[in-house]
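Tertiary structure, described
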Amino acid sequence: MYNYDEFMANLERRNPAEGEFIQAVGGVVESVIDLVNDNPAYINAKILERITEPDRVVSFKVEWEDDDHNVQVNRGYRVQFNNTLGPYKGGLRFHSSVSLGSFKFLGFEQTFKNSLTTLPLGGAKGGSDFSPRGKSDNEIMRFCRAFMTQLQKYIGPETDIPAGDIGVGAKEIGYLYGQYKRIRDENAGVLTGKGHLWGGSLIRPEAAGYGAVYFAREMLKRYNDTLEGKRVAVSGFGNVAWGVVKKATELGAKVVTISGPDGYIYDEEGVSTQEKWNYMVQLRLSNNDIVAPYAQRFGAQFIPRKKPWEVPVDLAFPCAIQNELSLEDAQSLVANGVKYVLETSNMGCRREAENFFIAQKIPYGPGKAVNAGGVAVSGLEMAQNAMKLSWTAQEVDDKLQQIMQNIHKACLTHSPEEGGYVNYVKGANIAAFKRVADAMLELGY
Ligand code: GLU
């Protein structure tokens with residue numbers, strides 16, 4: 001029999017100073033501990049201990065030269081967390097804040113997220129403390145070349161298939177894939193999120209954001225509601241936020257905020273035109289990591305150094321980074337009448353914020369369910385690569401919608417009924433855990 005506090009104390013002892021990893025594991029263990037304690041097969045096979053320990057952690061040195069001919073040294077990582085359900089799969093993050101603990105939390109989350117997609121994908125994550133902010137395109141290219149020169153030793157189309165994440169978009173994937181081909185002379189789809197000209201899938205750039213809105217649509221349906229006429233707050237201005245903004249607008253909602261590390265934009269007219277969406281892409285490609293110029297360009301308000309959770313809205317989609325939404329932010333959203341919260345960034349809400357939404361009976365979708373559309377379409381990209389075929393945008397989008405509906409259904413199936421309120425956190429964690437744990441039992445050790 002497991003005791004939550006005891007298990008977590010042990011985990012902390014084994015993984016000192018890895019707060020984000022402990023937080024991510026704590027969320028899942030809390031949801032599944034009763035299920036495990038009721039199931040002697042899980043206890044005897046030590047599933048909880050095994051599922052919280054990464055299969056392999058790789059760290060490597062990345063040496064490159066900046067535009068002033070100075071030698072730069074960064075650290076690269078790949079955490080191959082769990083390959084029970086399929087080859088390791090998960091993105092690469094280039095951000096100055098990362099550490100081994102962040103990649104362990106992300107690889108752990110990815111294992112469960114990928115399980116929810118029902119595709120044959122294990123979980124992994126990697127990246128570097130290199131930040132593209134303020135770098136020239138040539139510097140980014142040189143860094144990507146140096147990074148892939150090391151990473152290529154550990155990945156392969158049947159072993160581990162990285163993709164993008166924060167700081168790694170289509171441009172970086174291009175430089176990384178180019179170097180992989182140069183070294184290995186293989187046209188294997190070893191990365192996803194590739195450009196369409198060289199093996200990428202249509203709809204992959206939009207997938208995480210579109211998927212989050214498709215999940216929201218199912219959630220609202222469950223409460224006899226629709227997106228039509230709803231006011232929406234989005235944080236972030238990257239790929240994921242961009243997809244949410246586009247699809248939410250298309251389905252009749254009005255997105256009034258986006259944000260960056262410098263503050264947030266309040267656009268009463270709605271971030272609702274092709275011109276504004278193109279501008280979001282332009283802002284991202286500038287490598288400056290700021291949203292302020294949007295305000296001037298479109299006559300919107302810029303609120304410096306603040307987050308958008310103080311604006312009255314019906315739906316909130318945190319799409320920026322982990323722990324971006326605190327308990328105070330959650331309280332402010334609820335005080336201002338928020339009706340649904342869709343965590344779209346990985347672990348975007350602090351545990352206290354998440355628990356507050358649930359206590360207030362606000363329908364709350366956790367990131368591993370809400371943002372699974374990105375990696376799901378990566379799985380579809382792998383399938384197209386293996387078949388040497390390319391599906392139409394409509395075909396991919398139809399499959400994405402089906403996957404998001406199924407994830408929503410799985411959450412309902414495994415959520416305990418709490419007087420008509422759906423606890424999506426429990427539902428998602430239990431559904432995801434069961435699939436990995438049952439497969440682990442079948443595969444032995
Ligand atoms: N980085 C994305 C995620 O957090 C996508 C991963 C992938 O496509 O492999 O799920």
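Residues numbered from 1 in each chain as written. Predicted model: local features only at pLDDT ≥ 70, side-chain atom pairs only at ≥ 80, totals over all residues. Heavy atoms only, no water.

Okay, the pairing of strand β1 (residues 56-65) next. Taken together, the 10 bridges between β1 and strand β2 (residues 71-82) define a ladder with antiparallel strand orientation. Considered in β2, the bridge of Trp64 is made with Gln72. Hairpin connection, β1 to β2: the antiparallel pair is bridged by five residues, and His69 has positive phi, about 65°. (Pairing = 2+ DSSP bridges. Helix = DSSP H or I, 4+ residues; strand = E, 2+ residues; numbered from the N terminus.)

Quick look at the site of the ligand now. In the vicinity of the ligand there are 13 residues, among which Lys89, Lys113, Gly164, Asp165 and Ser378 approach most closely. Here Asp165 contributes a side-chain N or O atom positioned 2.8 Å from a nitrogen atom of the ligand. Compared with its free state, where it exposes 300 Å², the ligand has 93% of that area covered by protein. Every element with two or more residues in the shell around the ligand is listed here: β3 (88-94), α5 (100-117) and α15 (372-387). If one sorts the elements of the shell around the ligand by residue count, β3 sits on top with three residues. Looking at side-chain class alone, the shell around the ligand contains two nonpolar, six polar and five charged residues. (Near = heavy atom within 4 Å. Polar contact = N/O pair within 3.5 Å; in protein donor to acceptor, adjacent residues only side chain to side chain. Areas by Shrake-Rupley, 256 points an atom, 1.4 Å probe, with all protein chains shown as cover. Nonpolar A, V, L, I, M, F, W, Y, C, P; charged D, E, K, R; others polar.)

The next subject is helix α8 (residues 204-222). The end-to-end C-alpha distance of α8, which contains 19 residues, comes to 27 Å, matching closely the 27 Å that a straight helix rising 1.5 Å per residue would cover. Residue Tyr210 marks the point of greatest curvature in α8, where the axis turns by about 30°. Burial runs high along α8: 15 of the 19 residues are buried. Trailing α8 by a residue or two, Asn224 shows a phi angle of about 50°, which is positive. (Expected span 1.5 Å × (residues − 1). Bend = angle between axes of the 7 residues up to and from the residue. Buried < 20%, exposed > 50% of the residue type's maximum accessible area, 1.4 Å probe, protein only.)

Even without glycine at this site, Lys46 takes up a positive phi of about 50°. Within the secondary structure, Lys46 is located in the loop between α3 (40-44) and α4 (47-51). Phi is positive for Ile203, which is not a glycine, with a value near 75°. Relative to the helices and strands, Ile203 resides in the loop between α7 (170-184) and α8. Looking at Ile203, the relative accessible area reads 13%, which means it is buried.

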